[in-house]
Every structure is written in structure tokens, then in C-alpha cells.
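What follows is each chain in one-letter form.
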Amino acid sequence: MSGKEITLIVDGREVAATEGEMLHDAAKRGDVEIPVFCYEPKLGEPVGACRMCLVEIEGIPKLQTSCSTPVRDGMVVHTRTDQVKHAQSAVVEFLLVNHPLDCPVCDKGGECPLQDITMGWGPGKTRFTDDKRHFQKPIELSPLVAIDRERCLHCYRFVRFSQEVAEDEQLQLLERGDRTFVGTFDDRPYVAPFHGNITDLCPVGALTNYTYRFRARPWDVEQAGSVCTLCPSQCNVSFTVRDEQVKRVVARDNPDVDDGWLCDRGRYGFEMFAAEERVTEPRLKGAAGGADWQAAIEKAAAGLKAAGVGKVAAIVGDASNEEGYLVQRIMREALDSENVAAGRAYGILRHDLVDISQPALSARVRDIDAADAILVIGTDPLHDSPILDLRIRKAVRRNGTKLAVATERPTTLDGGADAAVRYIPNATGAFLDDLVKSLSGSGDGESHFGADASQIADVLRDAEKVVVVWGENVAWGDGRGLLALAEALNIAEHDGAGMLEVPELANARGLREVGCMPEAGPGLSQRLGGMGVAGIRDGLQSGEIESLILFGVDPIRDFPNTARWKSALAAADHVVCFSMFENKTTALADVVFPLESHAEKDGTITHPDGRLQRVRPSASRPGDIRPNWGILAELSLALGFDTGISSQPSAFAALAGEVPFYAGITDGDIGGRGIRWQEGPAAAAFPTRPEPSGDPVELVFENEPGETTYTEARSYDLDVSTYRDLWVGPITELNPPLRFLSPRQTLELSPGDAERLKLEGGDEVTVSQNGSTIRARVAVRERMRDGTGFLIEGTASDNANALPDLAGTIAAKIAKVGE
Amino acid sequence: MTEFPYLKDQDAVEVQRGPEPGGVGGAYRAFGETLRGLKTTMARLIEGPLTIQYPEEKTPVYPRFRGRHKLHKFEDTGLEKCVGCSLCAAACPADCIRVVAAENIPGDRVSAGERYAAVYEINLSRCIFCGYCEIACPFDAITMGHDYEMADYDRDDLIFTKEMLLAEPIERTPLRAEGE
Ligand code: SF4
Ligand code: SF4
Ligand code: SF4
Ligand code: SF4
Ligand code: FES
């Protein structure tokens with residue numbers, strides 16, 4: 001787009017536009033509405049399939065489609081002449097020829113563009129008297145989406161979504177002419193992680209959600225804007241609420257966050273809010289049924305107080321900024337302990353975090369769109385932050401952005417990448433070292449650790465605007481490699497270049513910044529002496545920690561070495577667990593408090609790019625659930641410390657008062673779209689990079705992923721590493737619509753390893769290490785490194801976390817079941 | 001005419017008054033109208049009482065009278081006509097209809113379409129009997145009946161459920177004959 005400012009005349013009004021812009025958009029800015037069906041800029045280039053947007057342009061004898069006609073200077077356009085009106089009503093009449101007009105039973109009724117356009121631009125009657133086309137209806141396009149082929153307008157929207165946005169290429173219009181119908185190859189179900197978006201896109205009721213089937217009409221419901229907190233993407237959503245219950249989740253376009261798409265986790269995950277396993281009232285160990293709130297808070301406080309000085313700890317997981325802030329205040333101020341950590345096992349050290357989070361180094365999500373090159377390192381966005389996957393694809397497809405992928409495990413982005421390499425699990429540091437050397441031209445050109453860093457360096461070398469999308473694990477324990485990379489790529493110097501983290505926790509950034517770190521308080525202020533997650537576990541076993549708060553974490557499922565966690569929790573004198581669902585961890589807790597879901601919560605969270613967003617209460621809380629900030633404030637009071645917090649706004653004000661770079665940001669600034677603190681009033685207050693002090697400090701992190709020696713002669717079959725699958729956890733298990741996606745334990749192997757171990761895809765094997773054994777099904781995958789297999793963390797049965805942790809990789813014995 | 005500075009000419013209206021009190025005009029004003037009224041009274045007196053002995057006896061209503069609603073079924077198949085589309089709820093100015101739809105299970109159909117009303121409730125204590133619901137319904141599934149006897153002891157009992165609306169109502173209201 002040249003970006004030249006031009007003017008044109010639409011219906012007698014002068015409209016300013018940018019050259020190359022589509023006429024429909026320019027007209028819209030001039031307040032002239034042109035009806036469209038197939039035009040949707042989010043889907044890329046217009047296709048001009050429906051002919052609804054015809055307009056008259058002076059100098060062109062035939063009517064033109066305004067959605068696919070770029071504006072020119074001095075263009076004179078008419079949208080209301082008789083000729084145009086005739087064409088519009090003819091198109092509507094034509095589109096309705098085969099449309100069944102079953103609006104009363106159609107789920108789209110009331111919010112249907114076809115209804116609106118027919119009323120606004122249609123002829124009001126039809127001359128068509130023959131039989132309409134009939135299909136069987138509705139049929140399952142996927143277990144979640146119903147398709148009614150009779151209603152389809154053949155607008156190509158969902159085809160374009162599947163081919164140009166999600167790039168799964170599964171959906172097609174089959175046959176030609178008046179026989180055209182939507183479908184998939186061989187009628188296979190359309191199963192893809194983003195496929196729910198097509199129900200938002202379809203301009204008629206041809207594609208509808210089974211989860212929302214006949215649940216409500218637009219006038220029965222309220223739309224409540226909030227934010228999805230199921231992963232770090234933090235997509236903006238709108239909950240469709242009827243009778244105070246969430247009935248549907250739809251996207252709320254925010255180009256700075258999600259680009260208007262949602263993944264199926266966020267879209268269909270809501271039914272778990274009403275799961276039977278939901279904790280809906282406080283509970284005390286050994287007592288049947290729910291407990292009185294006051295009694296539960298007193299019991300929790302008594303247990304925490306009973307522990308010796310400094311012998312308490314807290315681990316935070318799924319929490320808002322306010323909740324995290326309150327937990328760390330309870331720890332630090334009410335209980336005088338620095339043992340507060342967020343996450344699963346490892347973490348990023350404070351000074352690394354300060355370095356990496358410098359505003360000059362941080363990328364906005366939007367920067368991905370305009371980047372020259374993108375490096376994805378140590379993360380598979382599809383599993384860790386799904387919406388970034390679509391964002392990166394968009395940049396590659398539309399802007400020709402170069403993409404380099406360096407990971408342990410194959411990612412879904414490999415196919416479109418200019419270079420994709422696999423390094424040995426745990427060798428991220430060494431790989432980064434190689435990469436930095438290659439970038440500066442001092443590399444030896446050899447591939448260490450199985451990955452050829454020079455391939456990646458070639459892609460990145462000449463690019464100016466480089467966005468590095470890095471998985472949290474890259475900086476675990478030591479962030480120097482990442483910083484060196486940022487320096488080698490000159491990121492601080494280039495506008496539009498930056499680093500974007502993909503953390504493990506949805507609100508990891510917020511939790512760190514409000515002080516849920518053993519060595520950093522609110523605002524990443526330096527603190528000393530706290531224990532990390534692994535330290536807390538060992539402390540529980542050795543008696544160094546007696547009492548524990550778990551907030552939104554399930555260690556017996558999600559943390560490495562679940563068996564050790566189980567005995568650690570059993571050894572604890574007192575465990576206070578805040579949990580949304582009953583699980584193995586709550587079963588061991590002395591006091592269980594219910595957690596709110598993200599549809600019920602009121603609070604703020606911070607996007608990995610620094611955007612503060614507000615989660616707003618949309619639905620009613622089931623049972624006797626109370627606001628979590630309130631419980632924490634009361635717990636603090638019962639411990640003899642008054643936080644002075646009496647509402648969500650006061651909680652936010654308190655935390656903004658303590659996090660210097662959040663200062664001055666008000667709820668109004670956050671609004672519906674959020675605000676990046678880097679663009680807020682106090683960004684300059686971010687801690688400065690500490691001066692390097694003489695000798696580099698030797699960083700020994702507890703359980704730091706160590707390097708394993710790779711030798712040919714070994715007593716085990718395979719190095720096995722783990723990954724977190726998108727579909728693992730309560731989201732599929734406790735949520736009937738998604739249950740079919742709940743993954744079974746799978747051992748992924750390279751074809752070479754499969755041959756060496758004489759295994760084939762589908763075989764059942766046992767994977768054992770140090771006396772622990774789990775069962776898995778073999779899947780042979782291309783693009784894997786020989787010598788490394790992958791298991792899924794956190795599955796319902798045969799959880800890979802049950803294998804004793806060897807910091808990342810597990811040297812495992814593999815045996816085929818039945819041999 | 002008094003001058004009101006804020007009034008424009010055309011805004012001022014002159015009041016027409018009757019004759020001043022006293023004299024013939026005064027007597028007419030005192031008794032004339034009274035006598036006229038008494039004439040009507042006397043005339044009705046001769047007609048005899050017209051009181052209808054409700055509830056033993058009821059006033060017949062016109063066929064277009066809008067009383068308590070009825071939901072209908074197809075006579076041949078016995079399926080409900082209502083498909084739970086909620087259009088009546090959208091049309092209702094008093095917001096007193098609540099429809100929760102559900103999907104028909106093949107083999108155990110409730111209505112003729114894909115969906116049916118699992119819950120259909122009209123809060124008759126709020127209804128203003130405007131008949132918009134009847135007009136909105138694309139399937140003639142709901143119509144206004146003639147029954148106006150809906151008083152009850154409990155407000156909750158005024159929320160009529162689908163079963164109550166579907167049940168053949170006891171016709172308690174006589175209809176006016178043609179031309180009556
Ligand atoms: S199903 Fe919907 S989105 Fe797809 S072509 Fe038909 S009308 Fe368009
Ligand atoms: S990508 Fe993440 S934040 Fe977005 S809808 Fe999915 S789970 Fe929610
Ligand atoms: S008669 Fe009018 S007020 Fe009563 S239910 Fe129908 S639409 Fe509503
Ligand atoms: S009564 Fe008629 S308008 Fe109301 S829900 Fe049923 S079919 Fe729709
Ligand atoms: S909107 Fe222009 S052709 Fe469909």
C-alpha cells in the first residue's frame with residue numbers, strides 16, 4: 001500500500017482515503033454503508049464471491065464490486081442509483097433462491113447478516129416458485145460445529161479461513177454451479193484447533209456451534225466483554241450470558257492482542273465452569289460437605305500462623321495480578337516469609353528478567369505483523385499460546401516475513417518456515433551461543449547439539465525488524481544467551497523489533513511484576529532469600545517448610561515428579577489450597593477455597609507484551625464462591641495484618657502503588673482494550689539494568705536443566721522429553737464438548753528411532769525410568785531429531801510428570817507391551 | 001388583553017365565559033343541566049335493572065377479544081406448533097414471555113421443526129394483552145383466547161407454563177353472536 005492520501009466522492013460526499021484501500025472501507029468511513037457478505041478484511045485479499053456490494057462508478061459502464069475495487073483519486077461512486085438498487089435486490093433475490101428461510105429454527109436468527117440485508121436491500125418477495133435445493137440437515141462438520149448446507153451462500157469465508165488463516169486446508173466448496181456445497185475431503189470431520197472461528201465468520205446460519213445450539217436468541221442474552229485467561233495469549237472475548245450463565249464465547253476484535261480470532265480452548269472451554277468437580281464452597285479436611293467461610297478462614301490462618309518463622313511458602317499459578325499481589329503480601333508482610341513463587345518448577349532470575357523486559361527490547365504483538373523476520377525459539381505457539389500461531393502465519397503469508405524456528409520438538413509452524421532446526425532438549429543455552437556466534441560470523445559452521453544454528457542465522461542476518469518469540473524455558477536459570485541474541489540482532493536499535501515471551505502461565509508476566517518471585521517483590525524490586533518452586537518442595541520434605549498456600553496450581557498433576565510432590569504435600573503440616581476443581585491436590589489440602597473462573601473474576605492481568613487487561617465478572621458464581629481478592633484480604637486480616645483492601649479497585653490501586661511502572665494507569669486507561677505499561681505514564685520507572693559487577697556470578701539454579709552427555713553406548717533406549725499439549729487438563733476432561741480431544745499419552749518418535757527400536761505408529765509401549773513406568777502409544781513423526789522422544793505432561797492417566805524428573809530429559813527404557 | 005411580555009400575539013387565547021350569575025341565565029345554569037341528566041336517569045329506571053349476575057352470569061365477549069393465551073398443536077400429528085423461536089418474546093412489550101429452546105430428538109419429537117420450546121412461560125401478571133405475540137408467531141402456535149378469568153391468590157401461579165397453555169382451557173367465556 002502506497003499510503004498516499006487521496007479523495008473520492010461517494011454519494012456526493014467527499015471522502016478521504018488511502019490509495020490502494022478498498023472502496024467499501026473508504027465508503028464506510030464516509031458513513032455510506034454498502035452491504036457485504038463475503039468481504040472480511042481479516043481473511044486477507046477480497047474474493048468478490050457474493051456480488052452483494054455492487055456500486056456504480058462513473059466512467060465504468062458495468063457495476064463494480066466495492067469490496068475488491070481499490071480506490072483511485074477523484075473516483076465518483078454512487079451507491080443508491082436505481083441501477084445499483086436493482087442489482088442489490090436482484091442479488092438478494094438470487095441468494096435466497098435456494099435459501100430455506102427457516103429463520104425461526106435457525107440459530108443465527110436475530111443476528112444474521114442475511115436477515116438484515118434482506119430487510120434492508122432485498123426486494124421483499126421472490127418470483128421463484130420451483131423446489132429449493134435440499135440437503136440433509138444439520139450434519140456434523142465436527143463434533144462441535146453443525147453444518148446446514150441449505151443455508152449456505154457460498155461466500156467462501158470459511159474456506160478462506162481454513163486456507164489462509166489457519167492454513168489447515170481442510171474445508172472446501174465441492175462441486176460447481178448450483179450444486180456447490182461446503183464440505184471436507186471425503187466427509188472427514190473438520191478437527192483443528194481454531195475451527196470454532198468459522199461459526200463467527202459465516203454470515204448465515206450454515207455453520208453453528210453445537211454448544212450454543214438453540215440455547216438463546218440475541219434478545220435473551222447479554223454480551224459481557226472480558227479476557228480469556230486460559231493461556232498467555234489473553235484473547236479478548238465476549239461472553240454470551242443468559243440467566244447469568246455463560247452460553248457462548250465469541251471473539252472481541254482487538255488487533256493488539258488476538259486479531260479477532262479465538263482458539264477452540266477459549267471458545268468451547270466454558271462448560272467446565274459448571275462441572276460437577278468444581279469446588280463451590282470452602283472445605284476442611286476430614287469434614288464432609290462445605291464449611292462455614294469464617295471457620296475456613298480461621299482454620300487456614302491458624303495453620304499458617306502455627307508454622308515457624310519463615311517456614312511458610314506460597315506457589316501461585318492461575319491468578320490475576322490482584323490475587324498474586326495479595327498472596328505475596330500475605331507471605332511477605334503477614335507471615336514474614338520470602339518463599340513465594342509462580343510457576344511449575346523453574347523460573348527466570350530477577351536480573352535476567354529486568355534485562356529482558358527493558359521496554360526497548362520488548363515487542364508488541366502487533367510488531368509480528370510488520371516484522372522482517374521472526375525467530376520462534378523454545379516454544380510451539382500452537383500449544384503454548386495458540387493465537388500467536390495464527391499471527392505468525394499471517395505475517396509470513398501476507399507480508400512475506402521470514403520465519404525461523406528453533407525448537408526441541410517439531411512445531412506446526414515448521415512447514416511455512418524458511419529454516420527449522422531441532423536442538424537437543426536442555427541444550428538451548430548452547431544453541432543460543434552457536435546462533436550468536438553464527439550471527440556475528442564467528443561460528444564454526446558446524447552443527448552442535450544436532451541443530452545447525454547457521455541456517456537460522458542466515459534467515460535473520462539481513463533482517464532489521466526481527467521479532468523473537470521465545471519460550472519461557474529459554475531463559476530458565478540463565479538469560480544471558482537470550483540477551484546476547486538480542487544484542488547480536490540489534491533489537492534495541494530497531495523500531496518494530498523486539499522480544500516476545502511465551503510463558504507457561506497465562507498471567508506469568510503480571511505475577512512476576514506484582515512480586516510473586518522468591519527474589520523480587522512488587523515492581524521487580526530486589527528481595528533476597530526466598531525459595532523457588534523446587535526448593536519449596538524439598539523444603540516441605542525436609543521440614544524446612546511447614547505450611548503452604550497453593551493458589552491455582554495442581555502440583556500432583558502439573559509439576560515435574562508428581563510422586564515427590566505427593567509425598568511433599570503429605571509431609572506438610574498445613575496446606576491451604578485455592579482451586580477451581582477437585583483434584584488430587586485438593587484431596588490432600590487441609591483447607592480448600594474455591595476459585596473463580598475467568599468469567600466470574602474481577603481483576604487485571606498482564607499480557608506477555610506488557611498490556612494490562614481487565615477481566616470482568618460476566619456470569620454468576622456457582623454455589624458459595626466468593627471473590628478471591630476478598631478471601632485473601634480476609635485471610636490476611638485473620639493473620640493479623642490489614643491490607644486495607646476492600647474492593648477490586650482498591651486492590652488494583654494498592655498494587656499500582658507498589659509497582660512503579662504501573663503507576664498512574666487507571667481502570668479507564670485499561671478500558672476494553674488494555675494498555676501496555678510501556679506506553680503508560682510511568683514506563684521510565686522500570687528498574688534499570690544492573691551494571692555488570694566484575695566477575696560473572698555463577699548461577700546455580702535449583703534443578704537447573706543440566707547438560708546430559710550424549711554417548712552412543714548407553715544403557716537406555718531413548719532420551720525422553722516432555723511437552724504440554726494444548727488439550728491437556730480439566731479443559732477437556734471436565735468439559736463435555738471438548739472431551740473427545742482429551743489426549744492419551746503418546747510417545748512421539750522420529751522415524752529413525754522407531755526403526756531402531758522396532759516400533760511402529762500405534763504400538764503400545766511402556767516407558768520406564770528409575771522404577772516408574774507409564775504406558776503410551778507410539779506416534780512416529782517427521783522432523784523429529786533422532787534420539788529424542790516426547791511424552792505429554794499432565795495427562796489424566798499415564799502422566800509423564802510421574803516419571804522422576806531429570807531436569808528435562810529422561811533416559812528411558814522403552815518396551816513394547818505384550819512382548 | 002393583559003400584556004404579557006413573554007407571550008407573542010398568537011399565543012394568547014381569549015376565554016369564552018358564560019352569562020354572569022343571577023337572573024334567568026343563572027336559573028338555567030342551576031337546573032337546566034340537572035334536568036337533562038335526570039331525563040336519562042328516569043329513562044333507564046323504566047328499563048329495569050341490567051346488572052349481570054357475575055360470576056353466575058357472564059358478559060359475552062367479541063371474537064376478537066384478547067384473553068388468556070393458548071398454545072396449539074397440530075391436529076393430525078399431535079406435535080406442538082411452537083418451535084421455540086423466541087420471536088414472541090422479542091415482540092412482547094412487557095417482556096413477560098420466556099422461551100428456552102431445545103433440540104428435537106428423532107423418534108421423540110415434540111414439535112415439527114428442528115427445535116422446540118423446552119420452557120415456555122408467560123407471566124400473566126405482567127402481560128398487557130396486546131396480542132403482539134400472536135402477530136409475531138410465524139407458526140400460529142400462540143393465539144389469544146377469550147378467557148379473562150385469571151385472578152389467583154398467588155403471583156407465582158400467574159406464571160403460566162407450557163403445559164397450562166397447551167391444555168384445552170375450560171371455555172368459561174360466552175362469545176357474542178355475529179352482529180350482536
Ligand atoms: S457455510 Fe457460511 S461461511 Fe461457508 S460459504 Fe457458506 S455461507 Fe459462507
Ligand atoms: S488462544 Fe489462549 S487466550 Fe486465546 S482463546 Fe485460546 S486459550 Fe484463550
Ligand atoms: S399479549 Fe402482549 S404483553 Fe401479553 S404476552 Fe403477548 S406480547 Fe406480551
Ligand atoms: S409461540 Fe411462536 S413465536 Fe413464540 S416461540 Fe413458539 S413458534 Fe416462536
Ligand atoms: S462483498 Fe463484495 S462480492 Fe461479496
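The rules behind these values
- Residues numbered from 1 in each chain as written.
- Chains lettered and ligands numbered in written order.
- Predicted model: local features only at pLDDT ≥ 70, side-chain atom pairs only at ≥ 80, totals over all residues.
- Heavy atoms only, no water.
- Contact = heavy atoms within 4.5 Å.
- Buried area = accessible area lost by both parts, 1.4 Å probe.
- Salt bridge = Lys/Arg side-chain N within 4 Å of Asp/Glu carboxyl O.
- Polar contact = N/O pair within 3.5 Å; in protein donor to acceptor, adjacent residues only side chain to side chain.
- Helix = DSSP H or I, 4+ residues; strand = E, 2+ residues; numbered from the N terminus.
- Axes fitted to C-alpha atoms, helices over the stretch in contact; angles between N-to-C directions.
- Parallel < 35°, antiparallel > 145°, perpendicular 65-115°, else oblique.
- Near = heavy atom within 4 Å.
- Nonpolar A, V, L, I, M, F, W, Y, C, P; charged D, E, K, R; others polar.
- Pairing = 2+ DSSP bridges.
- pLDDT = per-residue confidence, 0-100.
- Buried < 20%, exposed > 50% of the residue type's maximum accessible area, 1.4 Å probe, protein only.
- Disulfide = S-S within 2.5 Å.
- Patch = residues over 30% accessible without salt bridge, like charges linked within 9 Å, V, L, I, M, F, W, Y side chains within 5 Å.
- Areas by Shrake-Rupley, 256 points an atom, 1.4 Å probe, with all protein chains shown as cover.

1. Looking at the interface of chain B and chain A
Here is step 1: Across the boundary between the two partners, chain B contributes 17 residues, which contact 16 residues of chain A.
Here is step 2: Interface area lost by chain B to chain A is led by B:E103, B:E114 and B:R115, which between them contribute 48%.
Here is step 3: Put simply, chain B and chain A have five salt bridges between them.
Here is step 4: Taking the shortest distance from any N to any O, the salt bridge between A:D243 and B:R98 comes out at 2.9 Å.
Here is step 5: Where chain B touches chain A, the interface holds seven residue pairs in polar contact (both at pLDDT 80 or more).
Here is step 6: Going through the elements one at a time, helix 2 (87–91) and strand 2 (97–103) of chain B are the ones with two or more residues in the side of chain B that touches chain A.
Here is step 7: Counting residues per element, the side of chain B that touches chain A draws most heavily on strand 2 of chain B, which supplies six residues.

2. Side note on the packing of helix 8 (residues 321–334) of chain A against helix 21 (residues 628–638) of chain A
All names here are of chain A.
Here is step 1: One can describe the packing of helix 8 onto helix 21 by two numbers: an axis separation of 9 Å at closest approach and a directional angle of 5°. Relative to helix 21, helix 8 is oriented roughly parallel. Residues E323, L326, V327, I330 and A334 of helix 8 pack against N628, W629, L632, L635 and S636 of helix 21.

3. A look at the site of ligand 2
Residues and elements named next belong to chain A.
Here is step 1: Neighbouring ligand 2 are C228, L230, C231, S233, Q234, C235, L262, C263, R265, G266, P386 and I387.
Here is step 2: Of all the secondary-structure elements, those providing two or more residues to the shell around ligand 2 are helix 6 (264–268) and helix 12 (386–399).
Here is step 3: Broken down by class, the residue content of the shell around ligand 2 amounts to eight nonpolar, three polar and one charged.

4. Re the sheet that holds strand 2 (residues 13–18) of chain A
Residue and element names in this part refer to chain A.
Here is step 1: In spatial order, the strands read 2-1-5-3-4; together these five strands make up an open sheet with mixed pairing. The open sheet has two edge strands, strand 2 and strand 4 (64–65), and neither has a second partner.
Here is step 2: Strand direction decides the pairing type here: strand 3 (residues 54–57) and strand 5 (residues 76–78), joined by two bridges, are antiparallel. Note that in strand 5 the partner of I57 across the bridge is V77.
Here is step 3: Together, strand 3 and strand 5 form the strand contacts of helix 2 (residues 82–95), whose direction differs from that of strand 3 by roughly 160°.

5. Section: the confidence of the model for chain A
Here is step 1: When pLDDT is averaged across chain A, the result is 90; 95% of the residues are at 70 or more.
Here is step 2: Overall, residues 694–713 of chain A carries pLDDT values under 50, and its contacts beyond four positions in sequence, including any with other chains, amount to 33 contacts.

6. A word on the pairing of strand 3 of chain A
Residues and elements named next belong to chain A.
Here is step 1: Pairing analysis gives two bridges linking strand 3 to strand 4, with the strands arranged antiparallel. Across the sheet, residue V55 finds its bridge partner in strand 4, namely Q64.
Here is step 2: The hairpin formed by strand 3 and strand 4 contains six residues between the paired strands, and G59 there has a positive phi angle of roughly 100°.

7. With respect to the sheet that holds strand 17 (residues 373–377) of chain A
Residues and elements named next belong to chain A.
Here is step 1: One open sheet holds the five strands; their spatial order is 19-18-17-20-21, and the pairing between them is parallel. Only two strands of the sheet have a single partner each, and these edge strands are strand 19 (419–422) and strand 21 (498–502). Put simply, the sheet's adjacent strands are angled 10° from each other on average, direction ignored.
Here is step 2: In this structure, strand 18 (residues 402–407) lies alongside strand 19, joined through four bridges in parallel fashion. Considered in strand 19, the bridge of T407 is made with R422.

8. Remarks on the environment of A:A475
All names here are of chain A.
Here is step 1: Residue position: A475 is located in the loop between strand 20 (466–471) and helix 15 (480–488).
Here is step 2: Under the relative-accessibility criterion, A475 is labelled buried at 0%.
Here is step 3: Placed 314 residues apart in sequence, A475 and G789 show a C-alpha to C-alpha distance of 23 Å.
Here is step 4: Discounting chain neighbours no more than four positions away, the residues touching A475 are G347, I348, I356, W470 and L482.

9. A closer look at the state of the cysteines
All names here are of chain A.
Here is step 1: Enumeration according to the criterion identifies zero disulfides over all chains in this entry.
Here is step 2: Free cysteine: C103, not disulfide-bonded; nearest cysteine sulfur from C106 at 6.5 Å.
Here is step 3: Of the residues examined, C103 reaches a relative accessible area of 26% and is grouped as partly exposed.

10. A few points about a nonpolar patch on the surface
Here is step 1: On the surface, a nonpolar cluster with roughly 690 Å² of combined accessible area is contributed by B:F31, B:L35, B:L38, B:M42, B:L45 and B:I46.
Here is step 2: Within the secondary structure layout, B:L38 lies in helix 1 (residues 23–47).

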